[in-house]
Amino acid sequence: MDCGEEKEHAPSVIDRYYTRWYRADMKGKPCEDHCILQHSNRLCVVTLAETHPVLQKGRTVKCINYQISTGCSRLNNKVSGKSKRGGQFLTDFAPLCRITCSDETEYTIYSCIRGRLLEVNEAILERPSLLLEKPSTEGYIAVILPKFDESKSITENLLSREDFEIIVSKRGIAQSQPS
Amino acid sequence: MLPLREKDKPIIRKLLSAGCCARCILRFCCVSVQAAYRQPQEQTLEELQAFIVDEENGKCQDCAATESTGTNDKSHDAALSETSEDPPSKRAKLEPSVSATKSEEDSAALVKQKDEESRLCVVCLGILQELCGTIQVIKIAEAVKAEKYEFDSLVLSLSLPAQLCVREHSCWLHVKEEVRAKGLVLDKDDVIQVKEAFKWIMQGQVAKELGGVAVVTKSAFEVGVEFTHPETDTDCHFLATTCPDCFKPTKNKQSVFTRMAVVKALEKISDARFLKHYPCPPTQPTSSCTPQDIQCLHVSVFIAGRYNKFCRSLPQTPWVIDGERRMESSVEELIAAPILSTFRADGFNFSSSGREDVDVRTLGNGRPFAMELLNPHRCRFSTAEIKQLQETINKSSDKIRVRDLQIVTREAMSRMKEGEEEKTKSYTALIWTQKPVQREDITFIDDIKDLTLDQKTPLRVLHRRALAVRQRVIHSMNTRYVDPHHFYLGLKTQAGTYIKEFVHGDFGRTKPNLCQLLKTDTDILELDVESVDVDWPPAIPE
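Reading the values: rules and limits
- Residues numbered from 1 in each chain as written.
- Chains lettered and ligands numbered in written order.
- Predicted model: local features only at pLDDT ≥ 70, side-chain atom pairs only at ≥ 80, totals over all residues.
- Heavy atoms only, no water.
- Pairing = 2+ DSSP bridges.
- Helix = DSSP H or I, 4+ residues; strand = E, 2+ residues; numbered from the N terminus.
- Axes fitted to C-alpha atoms, helices over the stretch in contact; angles between N-to-C directions.
- pLDDT = per-residue confidence, 0-100.
- Contact = heavy atoms within 4.5 Å.
- Core = buried A, V, L, I, M, F, W, Y, C linked by side-chain atoms within 4.5 Å.
- Buried < 20%, exposed > 50% of the residue type's maximum accessible area, 1.4 Å probe, protein only.
- Domains from an automatic or database assignment.
- Salt bridge = Lys/Arg side-chain N within 4 Å of Asp/Glu carboxyl O.
- Phe/Tyr/Trp six-rings, centres within 6.5 Å; stacked < 30°, edge-to-face > 60°.
- Lys NZ or Arg CZ within 6 Å of the ring centre and 35° of its normal.

**Some thoughts on the sheet that holds strand β8 (residues 95–101) of chain A**
Residue and element names in this part refer to chain A. The three strands are arranged β4-β8-β9 in an open sheet whose pairing can be described as antiparallel. Sheet topology places β4 (61–65) and β9 (106–110) at the edges, where each strand pairs with a single neighbour. In this sheet, adjacent strand axes meet at a mean angle of 20° when their direction is disregarded. In the sheet, β8 pairs with β9 via five bridges, with the strands oriented antiparallel. Residue pairing for β9: C97 is matched across the bridge by I109.

Following this line, the structure appears as structure tokens:
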């Protein structure tokens, strides 16, 4: 078996199997950026973009709540069988959870894409710090399966990594040049 | 001499006038002597006519005999049915010729006899007439020869239009009383079936034409003869209204009027109801059945073995996304190509004891596999020939290798899928660690025994498999240090353990995982299957 190349620069699991898509300033709220990881099998993992306010300025997370209204908790989502029957069907602006930081600021995380909710990450309820430590892997929010014939079109409203980085860099300029 | 008795005479008279062929008359007389069907039908007809004339005590007017029985049925049937009032067209044609030549009885008999010889049977629609003659025998033999099958025996199968059952039933009702009068125990089941008579006539001739192969009732090689009769396809449609339960549409059927459904409906329908909807005896058709192409089919042969895969860019089965091929070849295609051409099979179904990813190699003794070969034209091979075939496969590509190749039974194939959960597999993985590690940092892994994992269905397969948490056991592990960021990890696991997910954790969805054990991010760079511990198929010494 030949030895692997310099892994420090080798692609990670996300690089190898997923495409990163972004939604900037979700619902018009500045910097509330979401990152959607789409697997080559069309499945999507909703995560916080590294620029999301929750992950800034040494904030800590106090709690995460999947109870998005009195009648609906994402924790009650159940899917069964290969066809994932019974999963809640989500649209772009469906809330997934609310994150409360220790400074009492609260943020809502949204689906960003249309699809069937397969699972939410219960591990972050136990260990909210995962959200800060590994926002794009173990600190994921939810897994969503888009409809087969919408697997390409669901990302049309999202930003590619390049486009997102341009937006972020412009923000930096805007902040350094106050009006 | 035909094995007929006195009580057959009324049956013969009735059926002759109804437009039945000689062999169908034998069937309804429940004659089960095969030789009676094999003699030329013209001869049988003559003998039948002579047999009923005998009884007339010197009155050599068979016309009169049939005429009188003809009148008999009319009065007889009238009670049951109105439709039978309409005489079959053939009879209508006959009558003027009979009356016109009354004075010249001899010539009248001659005309009628000639007519009867050539007319199409109202029951078998020609199947037991011209359609079981020499032309058909040659056609069958040619079809078999053309495909160059190798076989010792064959079974002839016959597919008849479903409406033939309706005609058979109508004819049965026509002579039911007379048949039962023959013997108390005789019933519809005792009437010889068209299929059976056809085979009695054809089997010997086909065997002879093919140079003496055995034509038997059970064989791995089937030669299918099919007839259709479009002219009367609508004949069974009335059954759908009388017995809707029998004709439920299903996905894969072209028509609901299958033979099975028609037979079932005929068992249910009352005689009176049948006679209300269908003429008795059946009407004269204008065309005989149409023979379809002969279908030859050999039962599947199964071949098994073990394969190695030495390439990290070869999928196990063709990889197609959105109708486009992703990789040039596949394990199953590389193995199948030489096998298909050797067995001259039409296609195959590949199955194996699990499967590896496109970038995973399978080393050691390899992975058990089995293939169903569809419609093989050749299937007898010596051990040496199979060994030769294995060598041909191995020479054809250096990406794969096959061993233990052997012909197996369908039943034995299930051994491969048995105990899928219990069997173990061994792997070697090349691991990367984010933090540098020392030799002694990883040795604790060698001491871990029977580690139970909770694996959520990996995200990479979640689109096609149910979401579940599955418990899988890693029986043992060993490490081989390479450098501060790399080591080889050997694993012996329960079948069904996802190794890649154990290493990188799959977003924390496999727990525990190697990242947790080593307290740093880990990733898998290469993976090899070292062994698939299934003892089937049996090893063949090299």
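The rest of the description comes next.
**Topic: the confidence of the model for chain B**
Residues and elements named next belong to chain B. For chain B, the mean per-residue pLDDT works out to 87, and 87% of the residues sit at or above 70. Overall, residues 58–104 carries pLDDT values under 50, and its contacts beyond four positions in sequence, including any with other chains, amount to 50 contacts. Overall fold confidence (pTM) sits at 0.80, and the ipTM for the predicted complex is 0.93.

**Comments concerning the nonpolar core**
Residues and elements named next belong to chain B. Residues I127, L128, L239 and V262 are the most contacted members of the largest nonpolar core, which totals 87 residues. Mapping this core onto the domain boundaries places at least three of its residues in each of domain 1 (6–67 + 90–118) and domain 2 (130–297). Every residue in contact with I127, bar those within four places of it in the chain, is listed here: C132, L160, L164, V194, F198, F227 and C289. With 33 residues, the next largest nonpolar core counts Y427, I445, L489 and V529 among its residues.

**Quick word on the pattern of salt bridges**
Applying the stated criterion across every chain yields a total of 37 salt bridges over all chains. The closest approach of N and O atoms between R16(A) and D523(B), which form a salt bridge, is 2.3 Å. Here R16(A) is found in helix α1 (residues 13–17), whereas its partner D523(B) is found in strand β17 (residues 522–532) on a different chain. Judged by its relative accessible area of 31%, R16(A) falls in the partly exposed class. The exposure class assigned to D523(B) is buried, which follows from its relative accessible area of 3%. The salt bridge partner of E501(B) is R460(B), with a shortest N-O separation of 2.7 Å. Taken together, the residues E501(B) in helix α18 (residues 499–504) and R460(B) in the loop between β13 (449–456) and β14 (469–483) connect sequence positions 41 residues apart. According to the relative accessible area criterion, R460(B) is partly exposed, its value standing at 22%. Look at the salt bridges and you will find they share partners, linking D357(B), D359(B), R460(B), K500(B) and E501(B) into a network.

**Side note on the packing of aromatic side chains**
One pass over the structure, following the stated rule, counts 15 aromatic pairs over all chains. Ring geometry for Y307(B) and F350(B): centres 6.4 Å apart, planes at 45°, overall tilted. Of this pair, Y307(B) sits in strand β6 (residues 301–309) while F350(B) sits in strand β9 (residues 347–352); the two residues are 43 residues apart in sequence, bridging distant segments of the chain. Of the two residues, Y307(B) and F350(B), neither departs from the other in class, the shared state being buried. Three or more aromatic residues joined by ring pairs form one cluster here, namely Y18(A), Y140(A) and F507(B). A cation sits over an aromatic face here: K9(B) above F51(B), 4.6 Å from the ring centre. Positioned above the aromatic ring of W319(B) is the side chain of R326(B), whose terminal nitrogen or guanidinium carbon lies 4.9 Å from the ring centre.

**Observations concerning the pairing of strand β15 (residues 486–494) of chain B**
All names here are of chain B. The element β15 is extensively covered by neighbouring structure, given that eight of its nine residues are classed as buried. Summarising the sheet, strand β12 (residues 424–433) and β15 pair through nine bridges and their orientation is antiparallel. In the strand pairing of β15, W432 is matched with H486. Where β14 folds back onto β15 in an antiparallel hairpin, the turn is made up of two residues.

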